Amino acid sequence: MEIKTCNIVYCSPTHNSRDIALAAGTAFGCGQSITDLTRDLSCDEILFPSDEVAVIAAPVYAGRMAPFALERLGRLSGDDTPAILVVTYGNRDYEDALIELHDTMTGRGFVTVAAGAFVGEHSYSRAGMPIGEGRPDTDDLALACEFGDRAAEKLSSAKDVRDIAVPHIKGNRPYRSVSAPTPAAPLTLDGCVLCGTCVDVCPTYAIRITANGVETDKNLCVKCCACVKECPEGVRRFDTPYTEMLHKNFSSPRKPELFF
């Protein structure tokens, strides 16, 4: 197959999915298009024809696809368009997220030719209690490039994309049940200079600056902790007992899993 354009699409509040998708997309020597859905609330459909490839990446929440990411990926449509699918998770497990992404994109007209689950630093990771700290690292990114290379090789030798669809992707149907999240949000500590960085990085527009300082709508917050990681003054903090639990039980580095 001749691929005219490589479309890199990601929803990535803390940049883990973005970095893996960009690395995987380097394998294609054709023109490149990048679509960042992280803060994009548009409802306009994005159509990818069959002579293009889509690298689609999004984060995992509790072993499932992040709901806000799935909602935004619902704007994508294909026409038997080859897709390279990526999920990133915080060193615990991705469980049913990758198969959920595959099922979702298949229903929207894409054909999965490669799929991978990569580790990224957990949203709750912090100094003293790291969880997947520094991931994706240089080894992860190198593997993501190889992942893209293998997918590109499959496509270059194929006559029909359906002939090279991935036969098996890890995960269960029905997907694991996930409880409704308890509303919560990071706090702003003393020392905030009202720079607005937290406002600019929040994927759900949950943060605003008012006369009373920084305010966060707990009902909109998805606990991605982009505001915590990006705060230049280090004064955003999300306290949750899950940080200690995850640090204690999931500190051993996990390896990416790839499917072709």
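Here the structure is a predicted model, which is why all the values come from computation and not from measurement.

K.L.:
I'm lost on the packing of aromatic side chains in this one. Help?
P.N.:
What the rule picks out here adds up to 6 aromatic pairs. In this structure an aromatic cluster arises from ring pairing among Phe118, Phe147 and Phe260. Just above the ring of phenylalanine 260 sits the side chain of arginine 150; from NZ or CZ to the centre is 3.7 Å.

K.L.:
When you look at the environment of arginine 208 in this model, what are you seeing that I'm missing?
P.N.:
Considering the arrangement of structural elements, one finds arginine 208 in strand β10 (residues 207–210). Judged by relative accessible area, arginine 208 falls into the exposed class, the value being 53%. Residues arginine 208 and leucine 194, spaced 14 residues apart in sequence, show a C-alpha to C-alpha distance of 9.9 Å. Each residue touching arginine 208, except ones within four places of it in the same chain, is listed here: Val199, Gly213, Val214 and Glu215.

K.L.:
Sorry, what's going on with the nonpolar core here?
P.N.:
Generally speaking, a soluble globular protein has its nonpolar side chains buried in company with each other. Ile56, Leu73, Leu76, Val87, Tyr94, Met105 and Phe110 are the most contacted members of the largest nonpolar core, which totals 33 residues. Of all the secondary-structure elements, those providing two or more residues to this core are β3 (46–48), β4 (52–61), α2 (67–73), β7 (81–89), α3 (97–106) and β8 (110–119). Tallying contributions element by element places α3 first for this core, with 5 residues. Sequence-distant contacts of valine 87, defined by excluding residues within four places in its chain, comprise Ala58, Val60, Met65, Tyr94, Ala97, Leu98, Leu101, Gly116, Ala117 and Phe118. Counting residues in each nonpolar core, the second largest holds 26 residues, with Ile3, Val86, Phe118 and Leu155 among its members.

K.L.:
Quick question: what am I supposed to make of the packing of helix α1 (residues 16–25) against helix α4 (residues 138–156) here?
P.N.:
Relative placement of two packed helices is described by the angle separating their axes and the distance separating the axes. For the pair α1 and α4, interaxial distance at closest approach is 7 Å and the crossing angle is 45°. Comparing the axis directions of α1 and α4 gives the class oblique. Pair α1 / α4 crosses with right-handed handedness. Only Asp140, Leu141, Ala144, Cys145, Phe147 and Gly148 of α4 make contact with α1, whose side of the interface consists of Asp19, Ile20, Ala23 and Ala24. Residues that form the contact of α1 with α4 fall into these classes: 7 nonpolar, 1 polar and 2 charged.

K.L.:
Hey, could you run me through the pairing of β8 in this one?
P.N.:
Along any regular strand, the residues point their side chains to alternate faces of the sheet. Of all the 10 residues making up β8, 10 are buried; the element is thus mostly covered by neighbouring parts of the structure. Note that β7 and β8 share 9 bridges and pair parallel. Residue leucine 85 lies in a different strand from β8, and its bridge partner there is alanine 115. Pairing geometry for β8 and strand β13 (residues 257–259), over 3 bridges, is antiparallel. The residue of β13 that forms the bridge with alanine 115 is phenylalanine 259.

Scoring rules and cut-offs
Residues numbered from 1 in each chain as written. Predicted model: local features only at pLDDT ≥ 70, side-chain atom pairs only at ≥ 80, totals over all residues. Heavy atoms only, no water. Phe/Tyr/Trp six-rings, centres within 6.5 Å; stacked < 30°, edge-to-face > 60°. Lys NZ or Arg CZ within 6 Å of the ring centre and 35° of its normal. Helix = DSSP H or I, 4+ residues; strand = E, 2+ residues; numbered from the N terminus. Buried < 20%, exposed > 50% of the residue type's maximum accessible area, 1.4 Å probe, protein only. Contact = heavy atoms within 4.5 Å. Core = buried A, V, L, I, M, F, W, Y, C linked by side-chain atoms within 4.5 Å. Axes fitted to C-alpha atoms, helices over the stretch in contact; angles between N-to-C directions. Parallel < 35°, antiparallel > 145°, perpendicular 65-115°, else oblique. Left-handed = near helix turned anticlockwise from the far one by under 90°. Nonpolar A, V, L, I, M, F, W, Y, C, P; charged D, E, K, R; others polar. Pairing = 2+ DSSP bridges.

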